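Listed below are the residues making up each chain.
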Amino acid sequence: MKKIIQPVKGTRDFYPPEKNVNSWLYQTIREVSESFGYQEYDGPFLESIDLYASKSGEELVKEQSFVFPDKSGNLIALRPELTPSLVRMIAQQQQQLVYPLRWWSFGPFWRYESPQKGRGREFFQWNADLIGVDSPEADAELAALMAGFFRKVGLSPDKVKVFVNNRRLMEGELAKLKIPSDKQGEVFRLIDRRGKLNDKDWGAYALEIGLKPAQLEGINTLLSSDDLWKDSEELTRFFTAVDALGVNDYVEYSPRIIRGLDYYTGTVFEALAVSKDIRRSISGGGRYDNLMADVGGDSLPGVGFAMGDMVISVVLEELGLLPENRSAAPAKILVTVFDEESLLASYQLGVELRQAGFKVCSYPTAEKLGKQFRYADKVGARIAVILGPDEINNQQVALKDLQTREQTTVSRSQAIEAIRGLLENDPGA
RNA sequence: GCGAGCGUAGCUCAGUCGGUAGAGCGCUGCACUGUGGAUGCAGUCGUCGCGGGUUCAAGUCCCGUCGCUCGCCCCA
């Protein structure tokens, strides 16, 4: 075996079939985002580590980012998320931008994770944000955008749900249980882990962080109160808007959704795939009204979410929802090369056909026709064009439909029309 | 960081009780010198991940190591 340098751990090779899936995701995300009037943007892949140090949380930067010094010794990070870049970009042009601002992006991110199914060290992420509006209806729009994507790719509401909660509501409820505000962060973490631990371990963890049994009881009651949202004016308006936006079948209240990130201030949401008995987090987001001010801009409210490409790909794959034709033909027409003498004539014919708008490849060398036909087959070409001595002498070309096996010889001037006729019912052309 | 499983041909994998390496697919050629998918025949293909140990003999057993995968942890 030849020695081949191994790919970097946690990265993926995108062979044409995989790249095709990636492009399809990108395209679908583009269509959904643009249908809501969002504009595409992007930040740099490299950022100064300082950008993340302030806000993203210690662990994200120190433990899970790829960081390296450049030649002048500045610490550079491969971006682990987009929101800090977004916030910086907005702060830089805060007075010129038009609000409400609706932006989306799809690009690569890097995190130093331990790779496993649905998670790698290099992945793509869809980000969508609505900046400058502080209303439950804006939150609902983001939920609708997310649900719109699911609907478009065929993920029905029985396969995926967007669960919603509100941090202000939860803070109020915790205060009622006499949980001091400086413990809220810890309690949010506790709630975040409810689904991951069994009852016993979770209860032990709760007592460990200093909760009294009565408070634990209270939290348990809280976490099974599926009607709790009715106590929140914000969420009541949110769900009314969700109805109006036509996605109430996807969006559901859950007191157990809290999200790990510190900068969320109000509504938080998370899309979960329900396959068998496993719940997998597909996407998450929420409202972050203080973030802009925290990084030194003027105060500006925002709400947004992110969705990684790896989990959604796994889910779509399992449900058979990925596009069928994963290796689209590079060209529908192959121009064969009869012999050395006619090679350039074949190339020129290829040029003519390309100018006529067809996707055309020329066989690069004069091989036996049988071999060229086999090649045409394998790459999925529909038509083989033959330009041998007989055709050249008579100003003709032979066209063979590889699907029907029918071959016709037409005059050179009619070739384009004839091909167009043959490709009429071929969608890939 | 912890745990489990797996590393054999280009790919997917088999290899029994330890006895000197196999299949399918692919690729090349021929049947078929102006025509593809089928069929038949022939050919091509190996540091059995790496290092050590046990043994007359190791792909197989033991130890170590590296890599991959799947979980746990974590999850913006």
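Not measured: the values here are computed from a predicted model.

## Details of the sheet that holds strand β3 (residues 67-69)
Consideration 1: Pairing is antiparallel in the open sheet, where three strands are placed in the order β2-β4-β3. A strand with exactly one partner marks an edge of an open sheet, and here the two such strands are β2 (46-48) and β3. If you compare each strand with its neighbour and ignore which way they point, the axes differ by 35 degrees on average.
Consideration 2: Pairing of β2 with strand β4 (residues 75-78), which is carried by three bridges, proceeds in the antiparallel orientation. Looking across to β4, one finds that Glu47 is bridged to Ala77.

## Considering unusual backbone geometry
Consideration 1: Geometrically, the link from Tyr99 to Pro100 is a cis peptide bond, its omega value of 0 degrees lying close to zero.
Consideration 2: Here Pro100 shows up in the loop between α4 (83-92) and β5 (101-110).
Consideration 3: Even without being glycine, Gln395 reaches a positive phi, approximately 55 degrees.
Consideration 4: Its place among the elements puts Gln395 in the loop between α15 (389-393) and β15 (396-401).
Consideration 5: In this model, Arg405 sits at a positive phi of 70 degrees, which is unusual for a non-glycine residue.
Consideration 6: In this structure, Arg405 sits in the loop between β15 and β16 (407-411).
Consideration 7: Look at Arg405 and you get exposed, because its relative accessible area is 69%.

## Thoughts on the packing of helix α1 (residues 16-35) against helix α5 (residues 136-153)
Two measures define how a pair of helices packs: the angle their axes make with one another and the distance between the axes.
Consideration 1: For the pair α1 and α5, interaxial distance at closest approach is 10 Å and the crossing angle is 130 degrees. Looking at the two axes, α1 sits oblique to α5. Between α1 and α5 lies a crossing of right-handed hand. Residues Trp24, Leu25, Thr28, Ile29, Glu31, Val32 and Ser33 of α1 form the contact with α5, whose participating residues are Leu145, Gly148, Phe149, Lys152 and Val153.
Consideration 2: Considering only residue class, the contact of α1 with α5 consists of seven nonpolar, three polar and two charged.

## Concerning helix α7 (residues 184-192)
Consideration 1: For α7, the full list of buried residues reads Gln184, Val187, Phe188, Leu190 and Ile191. All buried residues of α7 fall inside an arc of 155 degrees around its axis, so they share one side.
Consideration 2: Next to the buried residues of α7 lie α6 (167-176), α8 (199-208) and α9 (213-223).

## Things to note about the domain arrangement of chain A
Consideration 1: Under the domain assignment, chain A is made up of domain 1 (16-318) and domain 2 (333-423).
Consideration 2: Using C-alpha coordinates to define each centre, domain 1 is positioned 53 Å away from domain 2.

## Some points on the pairing of strand β6 (residues 122-131)
Consideration 1: Across the ten residues that make up β6, a large majority, nine, are buried.
Consideration 2: Relative to β6, β5 runs antiparallel, the two sharing ten bridges. Bridged to Leu101 within β6 is Ile131.
Consideration 3: In this structure, β6 lies alongside strand β11 (residues 302-308), joined through seven bridges in antiparallel fashion. Following the sheet pairing, Ile131 is matched in β11 by Gly302.

## Some thoughts on the sheet that holds β16
Consideration 1: What the five strands build is an open sheet, ordered β13-β12-β14-β15-β16; its pairing is mixed. Only two strands of the sheet have a single partner each, and these edge strands are β13 (360-362) and β16. When the angles between neighbouring strand axes are averaged without regard to direction, this sheet yields 25 degrees.
Consideration 2: Inspection of the sheet shows β15 paired to β16 by five bridges, in the antiparallel sense. Its bridge partner being in β16, Val397 is matched across the sheet by Val410.
Consideration 3: Strands β12 (333-335), β13, β14 (383-386) and β15 of the sheet are contacted by helix α13 (residues 343-355), whose axis makes an angle of about 175 degrees with β13.
Consideration 4: The strands that helix α16 (residues 415-423) touches are β12, β14, β15 and β16; relative to β15, the one it contacts most, it runs at about 5 degrees.

## Regarding the confidence of the model for chain A
Consideration 1: Taken as a whole, chain A shows an average pLDDT of 89; of its residues, 95% reach a score of 70 or greater.
Consideration 2: For chain A, helix α3 (residues 58-62) is the element with the lowest average pLDDT, namely 64, and strand β1 (residues 39-40) is the one with the highest, namely 98.
Consideration 3: Here the predicted complex scores 0.91 on pTM and 0.87 on ipTM.

## Brief notes about the pattern of salt bridges
Consideration 1: Evaluated as defined, the whole model comprises 25 salt bridges.
Consideration 2: The shortest N-O distance in the salt bridge between Glu40 and Arg30 comes to 2.9 Å. Here Glu40, found in strand β1, pairs with Arg30, found in helix α1; they are ten residues apart in sequence, far enough to count as distant.
Consideration 3: Note on Arg30: relative accessible area 23%, which makes it partly exposed.
Consideration 4: One salt bridge in this structure joins Arg412 and Glu352, with 2.9 Å as the shortest N-O distance. Taken together, the residues Arg412 in the loop between β16 and α16 and Glu352 in helix α13 connect sequence positions 60 residues apart.
Consideration 5: Assessed through its relative accessible area of 27%, Arg412 is described here as partly exposed.
Consideration 6: A residue is classified by how much of its surface remains accessible, and Glu352, at 34% relative accessible area, is partly exposed.
Consideration 7: Among the ionic contacts, a cluster of salt bridges with common partners joins Asp134, Asp139, Arg287 and Asp289.

Calculation notes
Residues numbered from 1 in each chain as written. Chains lettered and ligands numbered in written order. Predicted model: local features only at pLDDT ≥ 70, side-chain atom pairs only at ≥ 80, totals over all residues. Heavy atoms only, no water. Pairing = 2+ DSSP bridges. Helix = DSSP H or I, 4+ residues; strand = E, 2+ residues; numbered from the N terminus. Axes fitted to C-alpha atoms, helices over the stretch in contact; angles between N-to-C directions. Buried < 20%, exposed > 50% of the residue type's maximum accessible area, 1.4 Å probe, protein only. Parallel < 35°, antiparallel > 145°, perpendicular 65-115°, else oblique. Left-handed = near helix turned anticlockwise from the far one by under 90°. Contact = heavy atoms within 4.5 Å. Nonpolar A, V, L, I, M, F, W, Y, C, P; charged D, E, K, R; others polar. Arc of directions from axis to C-beta. Domains from an automatic or database assignment. pLDDT = per-residue confidence, 0-100. Salt bridge = Lys/Arg side-chain N within 4 Å of Asp/Glu carboxyl O.

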